[in-house]
Amino acid sequence: MSAMDPVAEIKRLYYATTRATVQRDLDKAIALLKTLKTEEERERVSVFMDGLSQMRSEWKVRPAEPAGPATVRPSPDRRKAPRPAGGKARR
């Protein structure tokens with residue numbers, strides 16, 4: 001195996017994660033998961049991946065939205081409809 005064992009690193013991330021780091025840790029764990037070659041390795045870390053996801057949900061941490069062009073919504077037309085001649089509107 002390489003200098004860093006992805007399975008061991010995913011486990012370490014799981015046990016070390018905090019509310020402040022859960023999104024970053026989950027993103028790193030996903031990247032490590034993608035490097036695993038066998039289904040057996042992926043099965044071994046599935047419980048840790050699920051745990052990280054659950055922590056993120058329980059702590060209500062939202063994934064960062066991808067940066068892109070900001071959408072600008074037009075403001076609603078706040079002009080009043082013209083009133084009929086003679087003052088008050090009829091009902």
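These lines cover the structure that appears in this document, whether it is placed above or below. (Residues numbered from 1 in each chain as written. Predicted model: local features only at pLDDT ≥ 70, side-chain atom pairs only at ≥ 80, totals over all residues. Heavy atoms only, no water.)

**Re the overall build of the chain**
Part 1: When helices and strands are tallied, the chain shows three helices and zero strands.
Part 2: Of the regular secondary structure in the chain, the N- to C-terminal order runs α-α-α.
Part 3: Out of the 91 residues in the chain, the part that is buried amounts to 24%.
Part 4: Looking at the chain alone, contacts between residues at least 24 apart form 65% of all its contacts between residues at least 6 apart.
Part 5: Of the accessible surface of the chain, which amounts to about 7,900 Å², a share of 53% is contributed by carbon and sulfur atoms. (Helix = DSSP H or I, 4+ residues; strand = E, 2+ residues; numbered from the N terminus. Buried < 20%, exposed > 50% of the residue type's maximum accessible area, 1.4 Å probe, protein only. Contact = heavy atoms within 4.5 Å. Areas by Shrake-Rupley, 256 points an atom, 1.4 Å probe, with all protein chains shown as cover.)

**Examining the pattern of salt bridges**
Part 1: For the structure on display, the rule yields four salt bridges.
Part 2: A salt bridge links Arg24 to Asp25; its shortest N-O distance comes to 3.9 Å.
Part 3: A residue is classified by how much of its surface remains accessible, and Arg24, at 57% relative accessible area, is exposed.
Part 4: Among the residues examined, Asp25 registers a relative accessible area of 6% and is labelled buried.
Part 5: The closest approach of N and O atoms between Arg42 and Glu39, which form a salt bridge, is 3.4 Å. (Salt bridge = Lys/Arg side-chain N within 4 Å of Asp/Glu carboxyl O.)

**Notes on the nonpolar core**
Part 1: In this structure, Ile10, Ala29, Val45, Met49 and Leu52 are the most contacted members of the largest nonpolar core, which totals 13 residues.
Part 2: Elements with a contribution of two residues or more to this core: helix H1 (6-16), helix H2 (22-33) and helix H3 (39-58).
Part 3: A total of five residues in this core trace back to one element, the largest contributor, which is H3.
Part 4: Residues contacting Ala29, with those up to four places away along its chain left out, are Ile10, Leu13, Met49 and Leu52. (Core = buried A, V, L, I, M, F, W, Y, C linked by side-chain atoms within 4.5 Å.)

**Observations concerning the side chain of Arg56**
Part 1: Within the fold, Arg56 resides in helix H3.
Part 2: It turns out Arg56 is buried and unbridged, and the closest side chain with the opposite charge, Asp27, is 5.6 Å from it.
Part 3: Each residue touching Arg56, except ones within four places of it in the same chain, is listed here: Val22, Gln23, Leu26, Val61 and Pro63. (Lys, Arg positive; Asp, Glu negative; His and termini not counted.)

**So, H3**
Part 1: The terminal C-alpha atoms of H3 lie 28 Å apart, and with 20 residues this matches the ideal 28 Å at 1.5 Å per residue to within 8%.
Part 2: Among the residues making up H3, those that are buried are Glu41, Val45, Phe48, Met49, Gly51, Leu52, Met55 and Arg56.
Part 3: Tucked inside the fold, the buried residues of H3 contact H1 and H2.
Part 4: A positive backbone phi angle near 55° is found at Lys60, which sits one or two residues after H3. (Expected span 1.5 Å × (residues − 1).)

**Section: the side chain of Asp25**
Part 1: Looking at the secondary structure, you find Asp25 in helix H2.
Part 2: If sequence neighbours within four positions are ignored, Asp25 has contacts with Leu13, Thr17, Thr18 and Leu52.

All we've got here are geometric facts, nothing functional implied.
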